[in-house]
Number of protein chains: 2
Amino acid sequence: MFDILHRVGMKASLDKVYQALATPEGVAGWWTTETTGDRKAGGMIKFRFTDGGRELGVFNMKIVELRPNTRVVWEVVDGPAEWIGTNVRFELKQEDDFAVVLFKHEGWREPAEFMYHCSTKWGVFLQSLKSLIETGQGQPSPNDVKISNWH
Amino acid sequence: MFDILHRVGMKASLDKVYQALATPEGVAGWWTTETTGDRKAGGMIKFRFTDGGRELGVFNMKIVELRPNTRVVWEVVDGPAEWIGTNVRFELKQEDDFAVVLFKHEGWREPAEFMYHCSTKWGVFLQSLKSLIETGQGQPSPNDVKISNWH
């Protein structure tokens, strides 16, 4: 199994960062504006991505764990074949005046080229999360930073 | 062993991207302004990072392979303990009007928190490479985008 790892830190309270990860409204501010679903463990959350009105993809995830100010874990139930069965994990901790997010998209079956792309793109979206928290303005899809011919 | 993976694409010729990876002057435009050394396989290349005049770190790498418009590989000889013995690899290919870079920092012995940080930071620097190639202006250290309390 192969994992995508990232670490970002932002000057904010853990609670503010946690809310941006644990609620559909929060995630809509930095990953994709079309985020809908539940706000409790065991529930489902759906993410839809478009570009110029064209649908790029839809991800359905089960909310596996929501531990306030500590951890958010999703399990990919439906989406790109490479993603199904993988987990997306955010671990939170305070360091000095920074809220630190340790991110892991874990359980890829192989390091396909799509994994390279998703790794860079997760980094872009975590910078969007940092921007949302620190400035009030993220860059969620469809206004996300494009990194290549694969968007 | 664990690897950091990234994929970026830029509207440019392969040769232009290759030159930014294969020469000290090229790398100075997107990774760190203090890049010095050789331009042939078997030689050495040195990267120095500072912040506000304070030295953050120095990396010495052996140039393992330089294959024009195709591949650049460095082996870390000296630097942070976690990096020593790892390889940094750039594979290039053309797709439509994009030069695509598949990046791999391979051979980490464990997924330490520093690896999470370096993964995100490599993504930031590859965006800097894309910016250098497409606009003529990268964001190399010490003017790189800061992502956390770890810079």
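In the block above lies the structure referred to throughout.
Because the structure is predicted, anything quoted here is derived from the model rather than measured.

Engineer: What should I look at first to understand the side chain of S119 of chain A in this one?
Structural biologist: Looking at the secondary structure, you find S119 of chain A in helix α3 (residues 113-135). Residues within four places of S119 of chain A in sequence aside, it is in contact with I4 and H6 of chain A together with L5, H6 and S119 of chain B.

Engineer: What am I meant to see in the sheet that holds strand β7 (residues 98-108) of chain B here?
Structural biologist: The strands making up a sheet are joined through hydrogen bonds of the backbone, oriented either antiparallel or parallel. In spatial order, the strands read β1-β7-β6-β5-β4-β3-β2 (chain B); together these seven strands make up an open sheet with antiparallel pairing. Where the open sheet ends on each side, the last strands, each with one partner, are β1 (2-10) and β2 (34-37) of chain B. This sheet shows a mean twist of 20° between the axes of neighbouring strands, independent of strand direction. Sheet contacts for α3 of chain A: β1, β6 (87-95) and β7 of chain B; angle to β1 of chain B, the most-contacted strand, approximately 80°. The strands touched by helix α1 (residues 14-22) of chain B within the sheet are β1, β4 (54-67), β5 (71-78), β6 and β7 of chain B, with β6 of chain B carrying the most contacts at an inclination of about 170°.

Engineer: I would appreciate a short explanation of the pairing of β6 of chain B in the present structure.
Structural biologist: For a regular strand, side-chain orientation follows a simple rule: the groups alternate between the two sheet faces. Residue and element names in this part refer to chain B. Inspection of the sheet shows β5 paired to β6 by five bridges, in the antiparallel sense. Across the sheet, residue E75 finds its bridge partner in β6, namely N87. Bridge count for β6 against β7 is nine bridges, and the pairing is antiparallel. Along β7, the bridge assignment pairs Q94 with A99. Counting the residues that bridge the hairpin from β6 to β7 gives two residues, and of these D96 lies at a positive phi of roughly 55°.

Engineer: Can you walk me through the packing of α1 of chain B against helix α3 (residues 113-135) of chain B in this structure?
Structural biologist: If you want to describe how two helices pack, look at the angle between their axes and the distance between the axes. Residue and element names in this part refer to chain B. Where α1 contacts α3, the axes come no closer than 11 Å and their chain directions differ by 130°. By the angle class used here, α1 and α3 are oblique. Like other packed secondary-structure pairs, α1 and α3 cross with a definite hand, here right-handed. Between α1 and α3, the contacting residues are K16, V17, A20 and L21 on the first element and L129, L132 and I133 on the second. Residue classes in the contact of α1 with α3 are distributed as six nonpolar, no polar and one charged.

Engineer: What's the story with the sheet that holds strand β5 (residues 71-78) of chain A in this structure? I'm lost.
Structural biologist: Read from one edge to the other, the open sheet built from seven strands follows the order β1-β7-β6-β5-β4-β3-β2 (chain A), with strand pairing classed as antiparallel. Whereas interior strands pair on both sides, the edge strands pair on one side only; in this sheet they are β1 (2-10) and β2 (34-37) of chain A. Adjacent strand axes in the sheet meet at a mean angle of 20° when their direction is disregarded. Where α3 of chain A meets the sheet, it contacts β1, β3 (44-51), β6 (87-95) and β7 (98-108) of chain A, and its direction lies at approximately 20° from that of β1 of chain A. Its contacts with the sheet place α3 of chain B against β1, β6 and β7 of chain A, and it is angled at close to 80° to β1 of chain A.

Engineer: When you look at the pattern of salt bridges in this model, what are you seeing that I'm missing?
Structural biologist: A side chain with one charge can pair with a side chain of the opposite charge if their charged atoms come near. All names here are of chain A. Applying the stated criterion across every chain, the model contains 32 salt bridges over all chains. For E106, the salt bridge goes to K104, with nearest N and O atoms at 3.9 Å. E106 gets classed as buried once you look at its relative accessible area, which sits at 16%. Connected through salt bridges with shared partners, the residues E65, R67, R71, R89, E91, K104 and E106 form a single ionic network.

Engineer: Explain the nonpolar core to me, please; I cannot follow it from the model alone.
Structural biologist: Soluble globular proteins: nonpolar side chains tend toward being buried together. Among the nonpolar cores identified, the biggest contains 44 residues, and W30, W31, M61, W74 and F90 of chain A are the most heavily contacted of them. It is α3 of chain A that contributes the most residues to this core, nine residues altogether. Once you skip the residues sitting within four places of it in the chain, W31 of chain A turns out to touch F47, F49, M61, W74, W83, W122, F125, P140 and S141 of chain A. In terms of nonpolar packing, the next biggest core, distinct from the first, is built from 43 residues, Y18, A22, F47 and V72 of chain B among them.

Engineer: Would you mind going over the interface of chain B and chain A with me for this structure?
Structural biologist: Bring the parts together and some accessible area is lost; that lost area is often taken as the interface size. Contact with chain B, which involves 28 residues of that partner, is made by 28 residues of chain A. For the pair chain B and chain A, the summed buried area comes to about 2,500 Å², and 55% of that belongs to carbon and sulfur atoms. The interface formed by chain B and chain A includes four salt bridges. For E113 of chain B, the salt bridge goes to K93 of chain A, with nearest N and O atoms at 2.8 Å. Secondary structure elements with two or more residues in the side of chain B that touches chain A: β1, β6, β7 and α3 of chain B. Taken together, the residues of the side of chain B that touches chain A break down into 13 nonpolar, eight polar and seven charged.

Definitions and cut-offs
- Residues numbered from 1 in each chain as written.
- Chains lettered and ligands numbered in written order.
- Predicted model: local features only at pLDDT ≥ 70, side-chain atom pairs only at ≥ 80, totals over all residues.
- Heavy atoms only, no water.
- Helix = DSSP H or I, 4+ residues; strand = E, 2+ residues; numbered from the N terminus.
- Contact = heavy atoms within 4.5 Å.
- Pairing = 2+ DSSP bridges.
- Axes fitted to C-alpha atoms, helices over the stretch in contact; angles between N-to-C directions.
- Parallel < 35°, antiparallel > 145°, perpendicular 65-115°, else oblique.
- Left-handed = near helix turned anticlockwise from the far one by under 90°.
- Nonpolar A, V, L, I, M, F, W, Y, C, P; charged D, E, K, R; others polar.
- Salt bridge = Lys/Arg side-chain N within 4 Å of Asp/Glu carboxyl O.
- Buried < 20%, exposed > 50% of the residue type's maximum accessible area, 1.4 Å probe, protein only.
- Core = buried A, V, L, I, M, F, W, Y, C linked by side-chain atoms within 4.5 Å.
- Buried area = accessible area lost by both parts, 1.4 Å probe.

Don't take any of this as a statement about function, it's just geometry.
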